[in-house]
There are 2 protein chains.
Amino acid sequence: MTATPAPRGEGRSEHDAARAMAMLGEERASIDNIDAALVNLLAERFRHTQRVGRLKAEHDLPPADPARERQQIARLRSLAVESGLDPVFAERFLRFIVTEVIRHHEQIRDEDPEAAR
Amino acid sequence: MTATPAPRGEGRSEHDAARAMAMLGEERASIDNIDAALVNLLAERFRHTQRVGRLKAEHDLPPADPARERQQIARLRSLAVESGLDPVFAERFLRFIVTEVIRHHEQIRDEDPEAAR
């Protein structure tokens, strides 16, 4: 009965693969929920930075603010360490967002030359 | 009493500038709170994608999954429109995150060649 052994672990590996796909689906459902929260938070963040952009344009302040950015980066790196996020990634993430924000601020300034007198 | 008019709007513009700086401070306090939430959510997202990475390495699945990414991008663009976020930015944001995730998955695979047999 065991003269020709079954291919090594075949039934087991099929079961494992099905279990892995189920676990993958579970993880992806959580990731999708987190992404929805991230999109909403980013939308809210840009509502605030749009107001900042209008204030800056009205009061002739430059779109970028290197001192503020340095503070933000130091703070986010520290928060990242606390929450187990790679601080290098946290910094890259902030720079990615701030690049978009500065682009918005420049648009606001250029669309409203009266405000940016 | 009004023989020599005050320099045009000087007192007013000082008051306006102080008010603008106060408003800027308020907006920045909200942005800082949102950033703390974003960092925590990103940390949690990477905890899930690390598990996905281990599952993929153990079951010899490729680190990138273009079909899944297309679904995610379509969904996030739609969520972005609902929440008032630029869908082009939402897509760039997801690609930015996914690039980091794939880097993690490749690390997991390379650090654990036994798992990725």
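Residues numbered from 1 in each chain as written. Chains lettered and ligands numbered in written order. Predicted model: local features only at pLDDT ≥ 70, side-chain atom pairs only at ≥ 80, totals over all residues. Heavy atoms only, no water.

Novice: Can you explain the overall build of chain A? Please cite residues and give values.
Specialist: Along the backbone of chain A there are three helices and zero strands. Of all 117 residues assigned to chain A, the portion counted as buried reaches 40%. Here chain A displays about 7100 Å² of accessible surface, and carbon together with sulfur accounts for 53% of that area. (Helix = DSSP H or I, 4+ residues; strand = E, 2+ residues; numbered from the N terminus. Buried < 20%, exposed > 50% of the residue type's maximum accessible area, 1.4 Å probe, protein only. Areas by Shrake-Rupley, 256 points an atom, 1.4 Å probe, with all protein chains shown as cover.)

Novice: Go over the UniProt feature "domain: Chorismate mutase" (unreviewed entry) in chain A with me, naming the residues and quoting the values.
Specialist: When the UniProt feature table is mapped to this numbering, "domain: Chorismate mutase" (unreviewed entry) covers residues 18-109 of chain A. In residues 18-109 of chain A, helix accounts for 89% and strand for 0%; the two terminal C-alpha atoms are 55 Å from one another. (UniProt positions renumbered as here; feature names shortened; annotations may be inferred.)

Novice: Summarise helix H2 (residues 66-83) of chain A; cite the residues concerned and give the values.
Specialist: Taking 1.5 Å as the rise per residue, H2 of chain A with 18 residues should run 26 Å; its terminal C-alpha atoms sit 25 Å apart, in good agreement. Glycine 84 of chain A, located one to two residues past H2 of chain A, shows a positive phi value of around 85°. (Expected span 1.5 Å × (residues − 1).)

Novice: Describe in detail the interface of chain A and chain B, supporting the description with residues and values.
Specialist: With 51 residues of chain A at the contact, the number on the chain B side is 51 residues. A buried area of about 4900 Å², summed over both sides, lies between chain A and chain B, and 72% of it is on carbon and sulfur atoms. For the pair chain A and chain B, the number of links is ten salt bridges. Residue arginine 28 of chain A is joined to aspartate 65 of chain B by a salt bridge in which the shortest nitrogen-to-oxygen separation is 3.0 Å. (Contact = heavy atoms within 4.5 Å. Buried area = accessible area lost by both parts, 1.4 Å probe. Salt bridge = Lys/Arg side-chain N within 4 Å of Asp/Glu carboxyl O.)

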